Amino acid sequence: MIFVSTTLYSQQVESVLRVIEVDRDGKYRTAQNEIRESYVNNKVSDINSTLQIQIAIDDLLDKVKGLTFQGLPSDIVSKINKLSIALEERNKVLSQFKILLEEYDYRKFKENSLLNKEWVSTMQQLVAPVEALTQIDPYIEEGPGGFRPEDIYARTSVVLNRMRAEVQITAQEEGVYLQLGAWLYSKREPLPLHLPGFDNIEPQERYEVERWQILPTKEQVAALKQLNEIAAKNRNQDLSVIKKYIETEVDRIKELLFLDSKNLFENLEAALENIDHSSYQTIQSQIKELIVDFKFFIKTIEQKLKFYQNLSLDSKEAIVSVVNQIEEDLIYITEQEGKQLVLKFVNTYENLKKLGQDTEEIATLGEELTKIITTYTSWLEIVSQDSLFKNIKSLLHGVEVDFEALQFSDEVLNLMLSEAPKDTELDLYTTGIRQQGDRILFKLLLRAPTKEIYQETREVYLYKVLPHIEGTVGVVFADPLSRTAIETQFQMAPYYNMLLKGVFDQKLRRQSVAYNRIFDWGIGLHISAPDFDGDDVPELGTGIVISALHDYLQTGLAINVFTGDPYWFFGLRLPVPSFSISGLSN
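Fair warning: this is a prediction, and the values are worked out from it, not measured in the lab. (Residues numbered from 1 in each chain as written. Predicted model: local features only at pLDDT ≥ 70, side-chain atom pairs only at ≥ 80, totals over all residues. Heavy atoms only, no water.)

With respect to the helices and strands, Glu-411 occurs in the loop between helix 15 (388–397) and strand 6 (423–427). Its relative accessible area of 38% is what places Glu-411 among the partly exposed residues. Distance in space between the C-alpha atoms of Glu-411 and Pro-192 is 9.7 Å, their sequence separation being 219 residues. (Helix = DSSP H or I, 4+ residues; strand = E, 2+ residues; numbered from the N terminus. Buried < 20%, exposed > 50% of the residue type's maximum accessible area, 1.4 Å probe, protein only.)

Turning our eyes to something else, we now look at the nonpolar core. Membership of the largest hydrophobic core comes to 40 residues, with the highest contact counts inside it found for Phe-294, Phe-297, Ile-333, Phe-345 and Tyr-376. If we ignore the near neighbours within four places in the chain, the residues touching Ile-333 are Ile-253, Phe-297, Ile-301, Gly-338, Lys-339, Trp-379, Leu-380 and Val-383. (Core = buried A, V, L, I, M, F, W, Y, C linked by side-chain atoms within 4.5 Å. Contact = heavy atoms within 4.5 Å.)

When you tally the buried positions in strand 10 (residues 491–501), you get 10 out of 11 residues, the bulk of the element. With 11 bridges joining them, strand 9 (residues 468–480) and strand 10 adopt antiparallel strand pairing. Bridged to Val-476 within strand 10 is Ala-493. (Pairing = 2+ DSSP bridges.)

Turning next to the packing of helix 3 (residues 90–103) against helix 5 (residues 113–133). Their axes nearest at 11 Å, the elements helix 3 and helix 5 cross at an angle of 155°. It follows that helix 3 is roughly antiparallel to helix 5 by the angle criterion. Here helix 3 runs over helix 5; the crossing is left-handed. Across from Val-93, Gln-96, Phe-97, Leu-100 and Leu-101 in helix 3, the residues of helix 5 making contact are Trp-119, Thr-122, Met-123, Leu-126, Val-127 and Val-130. (Axes fitted to C-alpha atoms, helices over the stretch in contact; angles between N-to-C directions. Parallel < 35°, antiparallel > 145°, perpendicular 65-115°, else oblique. Left-handed = near helix turned anticlockwise from the far one by under 90°.)

To continue, consider the sheet that holds strand 1 (residues 17–22). Pairing is antiparallel in the open sheet, where three strands are placed in the order 1-3-6. Every other strand in the sheet has two partners, leaving strand 1 and strand 6 as the edge strands with one partner each. Across the sheet, the mean angle from the axis of one strand to that of its neighbour is 20°, orientation sign disregarded. By the bridge criterion, six bridges tie strand 1 to strand 3 (residues 50–55) in an arrangement that is antiparallel. If you follow Val-19 over to strand 3, its bridge partner there is Ile-53.

Next comes the structure, spelled out in structure tokens:
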């Protein structure tokens, strides 16, 4: 027989959960009724879909390697792993056998011995893993049937089923059980959900998130009233609201220049000079380098602040440029150089404590370091407070879920492997009231009486993925393209947009949480209420709007219905202290 190695079977099954989205439009299946891969194990699902959860029960047997079951061979799980992987490759190997046999040409190979050797070598490599199966269990080699590859695979399947049954029976006797739970994770407490076959939890009241929103909701109507009052108060203030946002952010950065940095570092340097001990030389050098670096950081901030002097905000492009610069500077301060320098001071202080403060000079050095850490940590917190950067960071990354804190309730069943369903489904209609950005959490646990064997978790974000219309309200800055009674270039006006989304970008929406949170776009109908004649009676304007970056940036062209005069407008999604210039979506 040909010598073979069984190292080909070291592959491990990493996941036993498979989540398939069954969308309401039925696009998850191909014309041949096969499930599309683009609907399997995605990060995002449409908020109204049904989720099919498939559990590879057989693959769970590979997770019990850490257990020693009495009466079972110690290598049985390893054998199961090898056999299951081999059977997964069965169709591929048999197809290669067929192709290779069809390529055999006796006359050609007889005339060309080199071609014959290459064919034999390829056949040996193909036969090797199949022949290796006969070494795993005697039945595979000696059982009924022939010795063709398909015969060997048939006996392999019989042996695998026997071994799996044996492990399942023993696991049941040893008290190994399986639990699978699901939760709706939102701003509220995690809500346990019903998975048929795995719990006795009552389904939530059926609720469908509105897909085609034409009219504003009650909350949006109330918001429009407030925005109309705000717009009336600021109607002739041009871009002062945006300027106020910029000034607020810049003033927070400027706080650094008003700190008594000079005295703080002079006192720290004086404390360093009073220390004369060899064991502190390394820390002294580190502190001196940090002082130089931080002074350079302050100089850099001074240079950056010069950009904001005498700004001209006379165009949409100029405003976007300034906002982008602010966010870039905030990242530099709160996430890069500023934050890193403060952390270095903290680490240096911790190292100083480890060496011991057994003298008055060392204690003084520690006090001066503490003053610097406290002062600049407070400044970083002021700069970060309610900034757009902080909001964007939250949108991009979300809040991590502590799966360990999710505990199964008494209504979740303890199931033996032999009785656990291999699939279940979660109709999102039965998960109660939910909003875009909420998550469905799954937790699978395989446990023995004395230890946890295996745990797998999965989270699926919920967004409107299928084509839909979203209604948003907010304020825009309108620029009339004809003569009006207003004296400023821009006038603030409340609006209601009906945005069509999800037509061309469903694949991106399913794959990326960040895309749904901040990078999606839409196009639709714009309705606003400017007051270009200055009589305090809102007029009606309608037009087309394009929304980008999750409504962060909006622009479009509209017509004053009363006069027929056109105007263009733009809006920015900014966290202004007095109110939010943002699209309040449903």
